[in-house]
Amino acid sequence: MARMDDPERLPFMKMHGLGNDFVVIDRRQGGTPLSASLVAAIADRHRGVGFDQLAVIEPAEAADARLVFYNADGSPSATCGNATRCIARHLIDQTGRRELTLLTERGRLSARDAGDGLTSVNMGPPILDWQGVPLAREVDLDRLPIAGEPVATGMGNPHCTFFVADAEAVDLATFGPEHEHHPLFPERTNVQVAHLAGPDRIRMRVWERGAGLTLASGSSSCAVAVAAARRGLTGRAVTILLDGGELQIDWRADGVWMTGPTAHVFDGVFTTPFLAGAE
C-alpha cells in the first residue's frame, strides 16, 4: 500500500465480515485525520467506495493497535465488532502471531486466530446499567417501555433488541429508523429483530444507527445473544443467523466472544481530486 504521508494519495483496504463491509485506513505511519465530510464521501456507494463503517488503524503504546470507527453518515462509533475481527485477521496475517490486543473506545479487546480461517474477538462484558447503555432515564432494561418490550444492551454502543415471531416478516426499513431515533436513546441505537430458529440458534436482522440496513453486525450479534440469555430463551453460547452468514457468540465470564469469517477484498488509493472535492 502507498504511504499515508504521501500528500497526493490516501491508501485503503476494503474488507467485510459476512457482507458487513468496511473501508480500513492504516494510519500507524502517520497521516492527516479524517473529517466527517470525507468519511461520508467515501461511504457514498456511487461516488466513493461505499461501506457500512470505516475503521482507522492507529499506533498504540499499550496494545498492538488502536482502532477508531465511523458510521456511513460520518458520525463516530465507539465499536464495530466485525471490523475489529477483520483488522485482527489482517494484523495476525501480517505479524504471524496468533493473539493480539486491540485498543478501542470499548477498552482493550483480545483477538485470536480461531483456526479454519476464523477469527475471534472478545468484545468485553455487556453494559447492563441504564446510564452506561445509555438511556435517557432509569427503566427496566429487560423490558423497555416501548411497544414490543425490547431489551436494551450496551456493547460500547447502544442496542435495542425486539424478539418477534418472525424476524423476516418485519419491514425493517421502516421499523429500524423509527426506533433508532426513539427518545429513550439519547445517542440513537442499533435496532435488531430476532426470533429463535432452534436450540441456541437465533435468526437476527439489524438496522444500524448511522448506516441503515446491513447484512451483519458483530456488536448487534453480541447484544442479541446477551438479551436472549437474559430473557432465558437460550444459553450463553449461541449461533446468530444473519442475512450475510453465521456468527458464533459465547458470553463468558471475561466478556462476549465473537467468532466468524472475514474477507480482505482489495486494496486501493483515493486520488487527489477525490480527496480535495470531499473536504
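Conventions we followed
- Residues numbered from 1 in each chain as written.
- Predicted model: local features only at pLDDT ≥ 70, side-chain atom pairs only at ≥ 80, totals over all residues.
- Heavy atoms only, no water.
- Phe/Tyr/Trp six-rings, centres within 6.5 Å; stacked < 30°, edge-to-face > 60°.
- Helix = DSSP H or I, 4+ residues; strand = E, 2+ residues; numbered from the N terminus.
- Buried < 20%, exposed > 50% of the residue type's maximum accessible area, 1.4 Å probe, protein only.
- Lys NZ or Arg CZ within 6 Å of the ring centre and 35° of its normal.
- Salt bridge = Lys/Arg side-chain N within 4 Å of Asp/Glu carboxyl O.

**A closer look at the packing of aromatic side chains**
Tallied over the entire structure, the rule returns 4 aromatic pairs. A centroid spacing of 4.3 Å and a plane angle of 25° characterise the contact between Phe12 and Phe270, whose relative ring orientation is stacked. Remark: Phe270 occurs in strand 17 (residues 263-270) and Phe12 occurs in strand 1 (residues 10-17); sequence separation between them is 258 residues. Among the residues examined, Phe12 registers a relative accessible area of 5% and is labelled buried. For Phe270, a relative accessible area of 5% translates into the label buried. Ring centres 4.7 Å apart and planes at 75° place the aromatic pair Phe162 and Phe175 in the edge-to-face group. Of this pair, Phe162 sits in strand 10 (residues 158-163) while Phe175 sits in helix 3 (residues 172-180), and the two are 13 residues apart along the sequence. The buried category is assigned to Phe162, whose relative accessible area is 3%. One residue, Arg236, lies across the ring of Trp251, its end atom 3.7 Å from the ring centre.

**Digging into the pattern of salt bridges**
With the rule as written, the count across this model stands at 18 salt bridges. Linking Arg45 and Asp52 is a salt bridge whose minimum nitrogen-to-oxygen distance equals 3.3 Å. A salt bridge links Arg201 to Glu246, with the nearest nitrogen and oxygen atoms 3.4 Å apart. A residue pair is termed long-range when its members are at least 10 positions apart, and Arg201 in strand 12 (residues 201-208) and Glu246 in strand 15 (residues 245-252) qualify at 45 residues. Accessibility expressed as a relative area gives 31% for Arg201, which makes it partly exposed. Given the relative accessible area of 39%, Glu246 is considered partly exposed. Through salt bridges with shared partners, a single ionic network connects Lys14, Asp21, Arg45 and Asp52.

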